[in-house]
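Tertiary structure, described
The lines below spell out each chain.
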Amino acid sequence: MMAVSTDCHKAQQDFPKVLILKPISFLAHVGERHVASNKFTFLKAYESSLPLHQFLSTHSPSIKAILSSVGTPITADILQLLPEVGVVVTTSVGLNQVDLPECRRRGIKVANAGSVFSDDVADFAAGLLIDVLRKVSASDGYVRKGLWATKGDYPLGSKLGGKRIGIVGLGSIGFAVAKRLEAFGCSISYNSRKRKPHVSYPFYESVCELAANCDVLVICCELTDQTRHMINKEVLSALGKEGVIVNIGRGAIINEKEMVQCLVQGEIAGAGLDVFENEPDVPVELFAMDNVVLSPHIAVFTPESFLDLMDLVMGNLEAFFSNKPLLSEYGD
Ligand SMILES: O=CC(=O)O
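Residues numbered from 1 in each chain as written. Predicted model: local features only at pLDDT ≥ 70, side-chain atom pairs only at ≥ 80, totals over all residues. Heavy atoms only, no water.

1. A closer look at the overall build of the protein
Filter applied, for reference: Per the convention used, a helix needs a DSSP run of H or I reaching at least four residues, while a strand needs a run of E reaching at least two, with both numbered from the N terminus. Radius of gyration: C-alpha atoms only; globule rule: 2.2 Å multiplied by the number of residues to the exponent 0.38. Throughout this description, buried means an accessible area under 20% of the type-specific maximum (1.4 Å probe, protein chains only), exposed means over 50%, and partly exposed covers the range between. Throughout, a residue-residue contact means that at least one pair of heavy atoms, one from each residue, lies within 4.5 Å. Using the Shrake-Rupley algorithm and a 1.4 Å probe, accessible areas are obtained, with residue cover drawn only from the displayed protein chains. Positive charges come from Lys and Arg alone, negative charges from Asp and Glu alone, with His and the N- and C-terminal ends not counted. To locate a charge, the coordinates of NZ of Lys, CZ of Arg, CG of Asp or CD of Glu are taken.
Assigned secondary structure in the protein consists of 13 helices and 12 strands. For 332 residues, the compact-globule formula gives about 20 Å, and the C-alpha radius of gyration of the protein, at 22 Å, lands near that figure. By the burial criterion, 51% of the 332 residues in the protein qualify as buried. Put simply, 62% of the contacts in the protein that link residues at least 6 apart link residues at least 24 apart. With an accessible surface of roughly 16100 Å², the protein has 52% of that area assigned to carbon and sulfur atoms. Positive and negative side-chain charges in the protein, numbering 31 and 37 respectively, have mean positions lying 2 Å apart.

Below, the structure is given as C-alpha cells:
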C-alpha cells in the first residue's frame with residue numbers, strides 16, 4: 001500500500017506521519033514511495049487545498065517529524081503549530097533555513113545530510129576554480145560565437161598548480177576541497193571557528209589574514225549569524241587584485257554588493273559562484289563578466305548520491321521513531 005496522503009486522501013495504515021511542507025526534488029528523483037517504503041506516511045501540505053495553518057492545525061496531533069529541504073524555512077511560527085514534533089530531518093547539509101535556537105529550546109532534534117554530498121560539492125568547487133582560472137566557460141563562449149576564427153586566440157588563463165588556497169570552514173566539505181586542490185599542487189591553509197588539533201595546514205584565526213596570505217578563497221562554511229557577510233570588502237581587498245573567490249557555501253556569507261563592486265572595479269580577479277544572497281536572483285552585473293563563473297546552486301547534488309541520501313533520511317526517521325540516536329544529528 002502506498003504510504004502517501006493529503007487531507008483529502010487519508011492514510012489507510014497507521015504509519016508514523018512525516019510532514020513535508022514543499023516539494024523535495026530528491027524525492028521526485030528516487031521516487032517517494034521508496035523513501036516512505038511502507039514505514040511512514042508523508043503528509044504533503046503543498047498538495048492540500050487548505051491554507052497552511054489550517055492544514056497544520058488539522059494534522060498537528062499526529063505530526064511528530066518534518067522532512068524538509070534547502071528552500072523550505074522551518075520557522076518558529078510553523079513549529080508553534082506543531083506541538084508534537086520531535087525531529088526535523090533535512091535533505092540539505094546547510095541548516096540556515098531551520099530555526100535552530102527554537103528547535104533547541106523545544107528539544108526538537110535536527111538531522112542534516114551529513115557528509116553524503118561532500119565529495120560532489122568538493123568536485124564542483126574544484127571545477128569552478130579551474131573554470132575561473134583557465135577560462136573554460138569564457139573560452140567556450142568565444143568559440144561558440146565564432147570569435148576564434150574572426151578575432152584569433154583567446155587570452156590565456158592562470159595556472160592552478162602552486163596557488164595558495166584558503167579554505168573558509170574546514171568541515172567535511174572543506175577537507176574534501178583541500179584534498180582535491182592539494183592533488184593539483186596547491187598549498188592549503190584555513191580559517192575555521194577553531195583550530196583543528198590534528199590538521200597540519202596553517203590556521204588563520206582571522207579570515208582577513210587568511211585572505212592576505214592566499215590567492216584563492218573557497219567558502220565552505222555554514223551560514224550563521226556569525227558568518228553572515230563575513231566576506232566583505234575588507235576581506236576581498238586583502239585577497240587582492242589577482243585573487244579569486246569560490247563560494248559553494250551560502251550566498252549571504254559574502255556581502256554580495258561589496259563583492260560585485262570589487263569585481264566591477266577589478267579589486268579581485270574573478271569568482272566562481274554556486275550560491276547567491278537572494279536565490280534565484282543573481283546580480284545582473286555578473287552576467288557580463290567573463291572572469292565570473294555562475295551556477296544555480298547545484299554543487300551539492302548528483303543523482304548518484306541520492307541513494308545514500310535516501311538511506312540517511314530513512315535511517316534518521318527510523319531511528320527517531322524507534323528512540324535510537326539519529327545517524328546525522330546536528331550538533332554532534
Ligand atoms: O546547499 C545545499 C545543502 O546545504 O545541502
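Picking up after the structure, the text goes on.
2. Here we look at the site of the ligand
Quick note on the threshold: When at least one non-hydrogen atom of a residue lies within 4 Å of a molecule or strand, that residue is treated as near it. For this analysis, a polar contact is any N or O atom pair within 3.5 Å, provided that within protein one partner can donate a hydrogen and the other can accept it, and provided that sequence-adjacent residues contribute only side-chain to side-chain pairs.
The full set of residues close to the ligand is Ser92, Val93, Gly94, Arg250, His297 and Val300. In this structure, an oxygen atom belonging to the ligand sits 2.6 Å away from a main-chain N or O atom of Val93. Residue His297 places a side-chain N or O atom 2.6 Å away from an oxygen atom belonging to the ligand. Compared with its free state, where it exposes 190 Å², the ligand has 94% of that area covered by protein.

3. Observations concerning the pairing of strand E5 (residues 87-90)
Here is the rule: Pairing between strands is defined by DSSP: at least two bridges between the two strands are required.
Residue alternation in E5 divides its side chains into two sets, Val87 and Val89 and Val88 and Thr90, and both sets are buried. Pairing of strand E4 (residues 63-68) with E5 involves 4 bridges; the strand directions are parallel. Considered in E5, the bridge of Ala65 is made with Val87. In this structure, E5 lies alongside strand E6 (residues 109-111), joined through 3 bridges in parallel fashion. Residue pairing for E6: Val88 is matched across the bridge by Val110.

4. Digging into the UniProt feature "domain: D-isomer specific 2-hydroxyacid dehydrogenase catalytic" (unreviewed entry) in the protein
Threshold: UniProt positions are given in the numbering used here, feature names are shortened, and annotations may be inferred rather than shown by experiment.
As recorded in UniProt, the feature "domain: D-isomer specific 2-hydroxyacid dehydrogenase catalytic" (unreviewed entry) lies at residues 61-328. Within residues 61-328, the helical portion is 36% and the strand portion 14%, while the C-alpha atoms at the span's ends are 26 Å from each other.

5. Overview of the UniProt feature "domain: D-isomer specific 2-hydroxyacid dehydrogenase NAD-binding" (unreviewed entry) in the protein
UniProt records the feature "domain: D-isomer specific 2-hydroxyacid dehydrogenase NAD-binding" (unreviewed entry) for residues 127-299 in the present numbering. Secondary structure content for residues 127-299 is 32% helix and 14% strand, and the end C-alpha separation is 10 Å.

6. Some thoughts on unusual backbone geometry
Pro280 follows Glu279 through a cis peptide bond whose omega is 5 degrees. With respect to the helices and strands, Pro280 occurs in the loop between strand E11 (270-273) and strand E12 (292-294). Of note, His229 is a non-glycine position whose phi angle comes to about 60 degrees, a positive value. By secondary structure assignment, the location of His229 is in the loop between strand E9 (216-219) and helix H11 (233-239). Non-glycine residue Asn323 carries a positive phi angle of around 55 degrees. Along the chain, Asn323 falls in the segment after helix H13 (303-321). The class for Asn323 is exposed, based on a relative accessible area of 74%.

7. Thoughts on a nonpolar patch on the surface
Definition in use: Exposure above 30% relative accessible area and the lack of any salt bridge qualify a residue for a patch; like charges then connect within 9 Å, and the nonpolar side chains Val, Leu, Ile, Met, Phe, Trp and Tyr within 5 Å. Within this document, salt bridges are pairs made up of a side-chain nitrogen of Lys or Arg and a carboxyl oxygen of Asp or Glu, the two lying within 4 Å of each other.
Taken together, the side chains of Val284, Phe287 and Leu294 make up a nonpolar region of the molecular surface, amounting to roughly 300 Å² of accessible area. With respect to the helices and strands, the residue Leu294 is situated in strand E12. The class of Leu294 is partly exposed, set by a relative accessible area of 32%.

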